[in-house]
Amino acid sequence: MAGMSDARPMSATDQRAATAPDAILQLGFGFWGSRTLLSAAELGVFTELASAGPLDAESLRERLDLHPRSARDFFDALVALGMLEREDGAYRNTDETDLFLDRAKPTYVGGLLEMASRRLYGHWNNLTEGLRTGQPQNEAKEGGSLFDAIYTDPATLSGFLKAMSGVSAGVARALAASFPWERHQTVIDVGGAEGCVPVQIALAHPHINGGVFDLPQVGPFVEEYVTSAGLGDRLRFYEGDFFADPLPSADVLIMGHILHDWDMDEKRMLVDKAYAALPGGGALIVYEALIDDERRANAHGLLMSLNMLIETPGGFDYTGADCQKWLREAGFGETYQQHLLGPDSMVVGIK
Ligand SMILES: C[S@@+](CC[C@H](N)C(=O)[O-])C[C@H]1O[C@@H](n2cnc3c(N)ncnc32)[C@H](O)[C@@H]1O
């Protein structure tokens, strides 16, 4: 009888299992906290509090135009998740959310969260289907390229490019500080989106000139971004398609979050094109959320690779050792790997 087995003393294994499910459940329900933060970013909670806070629950609710039913639970959940602070009933940002999630600040990284909120969160709901079929689960699900699919809608294009600046803002500053730029004069960021990376490099190194190579639709966004950084005389847009065209020449070419979008043959073709475009002594910098060589520690890099399943027909992330091997096979004489920031590291190949 079922009741009788319930009365049996627990074995050591049962006891271990009985004390251990917290971490499992926390991960399994991670989407609750994730979805709450993404909605807060999308609704502009942090921007509102940065400009008008501290605010009590009713004033914040009215400013965000939320229904009364769950507003207080929403704000207090953000307090419990460490994203807001509350004192005497008034809500304000934490130091981090004030710096990184206020749309009015140049340090804003919420573009990435807004894209995750509007696009990726829904697409990841089909991960199981992607794992079964090996097919992307996003706007390009019916075939074609992600970029063809999202670049036809100006709002999605703009959101995607802002998200890329959000992903790469910290990495850009780390890259500006951790490469011997004094040995080089020119840099072109291949698939550089708005130009966040060359802008940070040029701001930190006044002798550097160059720009962004990207698809034609991206040009106006690069021009606006570069001009607003006061760098219109040193950085420009190079229009092109890296499958159809050769890459422009510069002392340093950068490919940030590019190779992971493509399959193995496409990766090799892009590395070969970079090698051909560089002068002797020139450098290719590849940065990515590189997977650790043992493929067991950098969960972010491994999940990013699953994100490539969701987003692309053949893309995947890779380890630093993989990347250095490909660069050497393409002819680069010297290669090395260096950590940049958070999950991102770079592999450098010197021609
Ligand atoms: C994942 S984003 C990376 C952006 C940026 N490098 C970063 O790390 O934030 C990929 C970039 O590659 C560009 N791209 C995609 N296909 C391209 C092509 N065929 N030729 C040139 N650029 C392309 C996209 O427009 C986009 O800016």
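Details of the domain arrangement of the chain
A common way to state how big an interface is: give the accessible area lost once the parts meet.
Alright, step 1. Split into domains, the chain comes out as domain 1 (30–103) and domain 2 (167–350).
Alright, step 2. The C-alpha-based centres of domain 1 and domain 2 are spaced at 35 Å.

Description of the environment of glycine 210
Alright, step 1. In this structure, glycine 210 sits in strand β5 (residues 209–214).
Alright, step 2. Residue class for glycine 210 comes out buried when judged on its relative accessible area of 6%.
Alright, step 3. Apart from the residues within four sequence positions on either side, glycine 210 is in contact with Val187, Arg234, Leu235, Arg236 and Tyr238.

Section: the site of the ligand
Alright, step 1. Of all residues adjacent to the ligand, which total 21 residues, the nearest are Tyr151, Ser168, Asp214, Gly256 and His257.
Alright, step 2. In the model, an oxygen atom of the ligand is placed 3.3 Å from a nitrogen or oxygen of the methionine 164 main chain.
Alright, step 3. Glycine 191 has a polar backbone atom sitting 2.8 Å from a nitrogen atom of the ligand.
Alright, step 4. When its residues are assigned to classes, the shell around the ligand shows 12 nonpolar, 6 polar and 3 charged.

Topic: the pattern of salt bridges
Alright, step 1. Throughout the structure, instances matching the rule amount to 17 salt bridges.
Alright, step 2. A salt bridge links aspartate 98 to lysine 105; its shortest N-O distance comes to 3.3 Å.
Alright, step 3. We classify lysine 105 as partly exposed; its relative accessible area is 26%.
Alright, step 4. One salt bridge in this structure joins arginine 103 and glutamate 114, with 3.0 Å as the shortest N-O distance. In this pair, arginine 103 is assigned in the loop between α8 (95–100) and α9 (110–124) and glutamate 114 in helix α9, connecting sequence segments 11 residues apart.
Alright, step 5. Taking the relative accessible area as the measure of exposure, arginine 103 reaches 37% and is therefore partly exposed.
Alright, step 6. One network of salt bridges, with partners in common, ties together Arg35, Glu42, Arg103, Glu114 and Arg118.

Some points on the packing of helix α6 (residues 57–64) against helix α7 (residues 68–80)
Alright, step 1. It is the contact of α6 with α7, at a shortest axis distance of 10 Å, that shows an interaxial angle of 115°. In terms of orientation, α6 lies roughly perpendicular with respect to α7. Crossing of α6 over α7 shows right-handed handedness. Two secondary-structure elements touch here, α6 through Ala57, Leu60, Arg61 and Leu64 and α7 through Pro68, Ala71 and Phe75.

How each quantity is defined
- Residues numbered from 1 in each chain as written.
- Predicted model: local features only at pLDDT ≥ 70, side-chain atom pairs only at ≥ 80, totals over all residues.
- Heavy atoms only, no water.
- Domains from an automatic or database assignment.
- Helix = DSSP H or I, 4+ residues; strand = E, 2+ residues; numbered from the N terminus.
- Buried < 20%, exposed > 50% of the residue type's maximum accessible area, 1.4 Å probe, protein only.
- Contact = heavy atoms within 4.5 Å.
- Near = heavy atom within 4 Å.
- Polar contact = N/O pair within 3.5 Å; in protein donor to acceptor, adjacent residues only side chain to side chain.
- Nonpolar A, V, L, I, M, F, W, Y, C, P; charged D, E, K, R; others polar.
- Salt bridge = Lys/Arg side-chain N within 4 Å of Asp/Glu carboxyl O.
- Axes fitted to C-alpha atoms, helices over the stretch in contact; angles between N-to-C directions.
- Parallel < 35°, antiparallel > 145°, perpendicular 65-115°, else oblique.
- Left-handed = near helix turned anticlockwise from the far one by under 90°.

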